[in-house]
Amino acid sequence: MAYVFDYGAIVPYAPLIAKGVGITVELTVIGGALGVGLGIVCAWARSLGPRWLRPPVTLYVELIRNTPFLIQLFFIFFGLPSIGVSLGEMQAAILAMVINLGAYGCEIIRAGIEATPRGQFEAGASLAMTRIQTFRHVVLMPALQRIWPALTSQIVIVMFGSAVCSQIAVEDITFAANFIQSRTFRAFEAYIIATVLYLVLALILRQVMRSLGTLLFPRRRAAR
Amino acid sequence: MPFDRRSLLLAGFGLLAAAGLSFSPARAEGLDDILKAGVIKVAVPQDFPPFGSVGPDLKPVGYDIDVANLIAAKLGVKAELVPVTSANRIPYLQTKKADLVISSLGKNPDREKVIDFSIAYAPFFNGAFAPADVKVTKPEDLAGLTVGVTRGANEDMELTKIAPATAEIKRYEDNNSTISAFLSGQVKVIVTGNVTAAAILARNPPRKPEVKFLIKESPCYVGLNKDEPKLLEKVNAILTAAKADGSLNAISKKWLGADLPASF
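Residues numbered from 1 in each chain as written. Chains lettered and ligands numbered in written order. Predicted model: local features only at pLDDT ≥ 70, side-chain atom pairs only at ≥ 80, totals over all residues.

1. Section: the overall build of chain A
And step 1. Helices and strands together make up the secondary structure of chain A, namely eight helices and zero strands.
And step 2. When the helices and strands of chain A are placed in sequence order, the string is α-α-α-α-α-α-α-α.
And step 3. Along the first, second and third principal axes, the C-alpha atoms of chain A reach 70 × 45 × 30 Å.
And step 4. Among the 224 residues that make up chain A, the fraction classed as buried is 34%. (Helix = DSSP H or I, 4+ residues; strand = E, 2+ residues; numbered from the N terminus. Buried ≥ 20, exposed ≤ 12 C-beta atoms within 10 Å, placed from the backbone.)

So, in structure tokens, the structure goes:
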């Protein structure tokens with residue numbers, strides 16, 4: 001049986017798809033930026049931070065890395081209202097993505113920091129740099145450069161994770177595809193479009209991260 | 001080993017065959033034969049709670065079963081429950097394996113060509129539900145409110161047509177997500193079936209869904225064979241009396257958690 005493709009049925013839903021792309025990009029950019037920020041703070045806390053801070057951060061990282069993203073999302077969206085914390089679906093989705101990326105990002109960035117030789121810290125101190133300056137220039141930037149490709153992949157994974165957010169009525173690309181599928185029963189076409197959109201977005205995201213890498217680490221070999 | 005696997009299997013098949021034989025139904029006739037036999041055969045669902053499901057003691061229980069027993073009691077006969085699926089309930093009636101179909105059966109022109117229907121005995125509708133403090137009486141009142149619905153369900157299509165542009169419709173993946181969104185207060189109103197609302201009420205939640213307005217109504221009727229006007233008349237009389245004396249309302253309260261709507 002030959003399947004007859006009919007993209008014409010999808011055309012009226014173009015605005016919904018466009019909105020879906022916008023929402024997915026929004027989730028990825030905000031979630032990615034805040035998540036990497038949280039990851040850096042946690043990586044500092046776990047490797048160089050004060051001793052009392054390490055157990056709670058370790059607990060957070062292990063808790064998030066060992067539970068499914070969907071459950072974390074439902075916990076925030078459906079669970080927290082029971083104790084009076086009611087977040088809209090976008091806030092809940094972004095919070096879940098930040099918390100998730102924060103934990104994975106922490107471990108990736110920490111790997112970069114651990115790989116920095118101790119002597120390099122001491123070199124920074126002997127050049128009369130403050131602790132913050134040492135962390136920023138001597139520890140963090142080389143660490144980020146080392147793990148940039150891994151971090152890029154993690155952000156792409158988080159973008160795909162955003163597809164799960166359609167479960168709580170976030171109107172992203174996946175929501176648009178599911179919606180079109182439920183109205184037109186053109187499941188194949190709808191998901192082909194969604195697949196192509198995610199692929200294109202992921203390729204763009206990787207290119208942006210690569211350019212950002214060359215910008216952030218100008219004196220070093222561009223990170224790939 | 002005293003029993004080998006083959007003899008056990010054979011015994012099992014033997015039992016099944018015996019069971020099959022003992023259940024093979026006699027021809028159902030009209031009202032007089034039912035009264036003479038002292039038994040009325042009623043086709044009921046067993047896969048559609050709260051209308052009919054299998055109880056803890058493996059016997060069917062539900063709204064339809066209670067109505068079947070009520071009708072049988074008023075006729076002064078015993079109800080013999082015949083479990084059916086939604087696909088085979090009308091064939092069971094037509095082949096006279098059942099005298100009545102009380103199986104959350106809705107009315108439509110195609111069915112009316114082949115069988116007769118009693119008056120309605122159970123409400124079945126899609127509508128907007130919200131807690132008592134949400135003031136909504138018609139679709140226009142949904143303006144500015146968050147409304148939860150299950151994506152792609154019939155009620156989603158209807159809601160999309162009638163909801164004002166400013167209503168924020170949140171479409172969830174499945175019924176359970178829609179229910180969770182309502183219970184956690186993520187949406188003010190849900191649009192769903194009265195059966196789903198009953199399922200929510202059964203959990204006795206702090207946010208109780210009350211019906212605000214109906215979107216599409218298709219109540220349930222007792223189905224009968226066409227050539228039995230006496231039986232039809234009797235069933236209608238029993239249902240009318242049951243509505244008047246509150247016994248039907250008690251069944252509605254018990255299984256749907258709500259009074260019968262005003263249209264009954």
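2. A word on the domain arrangement of chain B
All names here are of chain B.
And step 1. Looking at the assigned domains, one finds that chain B contains domain 1 (24-123 + 219-256) and domain 2 (125-217).
And step 2. For domain 1 versus domain 2, the separation of C-alpha centres amounts to 31 Å.
And step 3. Grouping the amino acids of the side of domain 1 that touches domain 2 by side-chain chemistry returns five nonpolar, no polar and no charged. (Domains from an automatic or database assignment. Nonpolar A, V, L, I, M, F, W, Y, C, P; charged D, E, K, R; others polar.)

3. As for the interface of chain A and chain B
And step 1. Opposite the ten residues of chain A that make contact, chain B presents eleven residues.
And step 2. Looking at the side of chain A that touches chain B, the elements with two or more residues in it are helix 3 (69-79) and helix 7 (173-184) of chain A.
And step 3. Here the side of chain A that touches chain B takes three residues from helix 7 of chain A, the largest share from any one element.
And step 4. The residue inventory of the side of chain A that touches chain B, partitioned by class, reads five nonpolar, five polar and no charged. (Contact = placed C-beta atoms within 7 Å.)

4. Here we look at the nonpolar core
And step 1. L73, A93, M97, I109 and I168 of chain A together with V147 and V189 of chain B are the most contacted members of the largest nonpolar core, which totals 69 residues.
And step 2. Per-element accounting of this core gives the leading share, 14 residues, to helix 4 (residues 89-114) of chain A.
And step 3. Dropping the residues within four chain positions of it, V147 of chain B is found in contact with L142, L159, A163, A167, E168, I169, K170, V187, V189 and V191 of chain B. (Core = buried A, V, L, I, M, F, W, Y, C linked by C-beta atoms within 7 Å.)

5. A few points about the environment of A68 of chain B
Residues and elements named next belong to chain B.
And step 1. Along the chain, A68 turns up in helix 3 (residues 63-75).
And step 2. The class for A68 is buried, based on 27 C-beta atoms found within 10 Å.
And step 3. The spacing of A68 and V42 is 26 residues in sequence and 6.6 Å in space, taken between C-alpha atoms.
And step 4. Non-local contacts of A68, meaning those with residues more than four positions away in its chain, are made with V42, V44, A79, L81 and I102.

6. Describing the sheet that holds strand 3 (residues 52-54) of chain B
Residues and elements named next belong to chain B.
And step 1. Taken in spatial order, the three strands make up an open sheet running 2-3-4, and their pairing is antiparallel. In this open sheet, the two strands that pair with only one neighbour each are strand 2 (47-48) and strand 4 (60-61).
And step 2. Pairing between strand 2 and strand 3: two bridges, direction antiparallel. The partner of F48 across the bridge, within strand 3, is G52. (Pairing = 2+ DSSP bridges.)

7. A word on the environment of I173 of chain A
Residue and element names in this part refer to chain A.
And step 1. With respect to the secondary-structure elements, I173 resides in helix 7.
And step 2. Judged by local crowding, I173 falls into the buried class, with 26 C-beta atoms found within 10 Å.
And step 3. Each C-alpha atom, one on I173 and one on K19, is 7.9 Å from the other, the two residues being 154 residues apart in sequence.
And step 4. When neighbours within four sequence positions are excluded, I173 is seen to be in contact with G20, V21, T24, A194, L197 and Y198.

8. Notes on the sheet that holds strand 10 (residues 168-172) of chain B
What links the strands of a sheet is backbone hydrogen bonding, and the strands pair in either a parallel or an antiparallel sense.
Residue and element names in this part refer to chain B.
And step 1. An order of 10-9-11-8-12 is seen for the five strands of this open sheet, with the pairing classed as mixed. The sheet is open, and its two borders are formed by strand 10 and strand 12 (210-217), each paired with just one other strand. When strand polarity is set aside, the average angle formed by the axes of neighbouring strands in this sheet is 25 degrees.
And step 2. Looking at chain direction, strand 9 (residues 146-150) and strand 10 are connected through five bridges and run parallel. Of the residues in strand 10, the one forming a bridge with G148 is K170.
And step 3. In the packing of helix 6 (residues 154-162) onto the sheet, the strands contacted are strand 8 (125-130), strand 9, strand 10, strand 11 (189-193) and strand 12, and the crossing angle to strand 9 comes to about 145 degrees. (Axes fitted to C-alpha atoms, helices over the stretch in contact; angles between N-to-C directions.)

9. Some words on the packing of helix 2 (residues 54-65) of chain A against helix 4 of chain A
All names here are of chain A.
And step 1. Closest axis-to-axis distance for the helix 2/helix 4 pair is 9 Å, and the angle between their directions is 110 degrees. It follows that helix 2 is roughly perpendicular to helix 4 by the angle criterion. Note on packing geometry: the crossing formed by helix 2 with helix 4 is left-handed. Between helix 2 and helix 4, the contacting residues are Y60, V61, I64 and R65 on the first element and I99, N100, A103, Y104, C106 and E107 on the second.
And step 2. Its residues placed into classes, the contact of helix 2 with helix 4 shows seven nonpolar, one polar and two charged. (Parallel < 35°, antiparallel > 145°, perpendicular 65-115°, else oblique. Left-handed = near helix turned anticlockwise from the far one by under 90°.)

10. Points about helix 3 of chain B
Residues and elements named next belong to chain B.
And step 1. Its 13 residues place the ends of helix 3 19 Å apart at the C-alpha level, agreeing with the 18 Å of an ideal helix rising 1.5 Å per residue.
And step 2. Of the positions making up helix 3, those classed as buried are Y63, D64, I65, D66, V67, A68, L70, I71 and A72.
And step 3. Just downstream of helix 3 lies G76, where phi reads positive at about 75 degrees. (Expected span 1.5 Å × (residues − 1).)

11. A look at the environment of F213 of chain B
Residue and element names in this part refer to chain B.
And step 1. With respect to the secondary-structure elements, F213 resides in strand 12.
And step 2. The spatial distance from the C-alpha of F213 to the C-alpha of A128 is 5.5 Å, given a sequence separation of 85 residues.
And step 3. Sequence-distant contacts of F213, defined by excluding residues within four places in its chain, comprise G127, A128, T137, K138 and P139.

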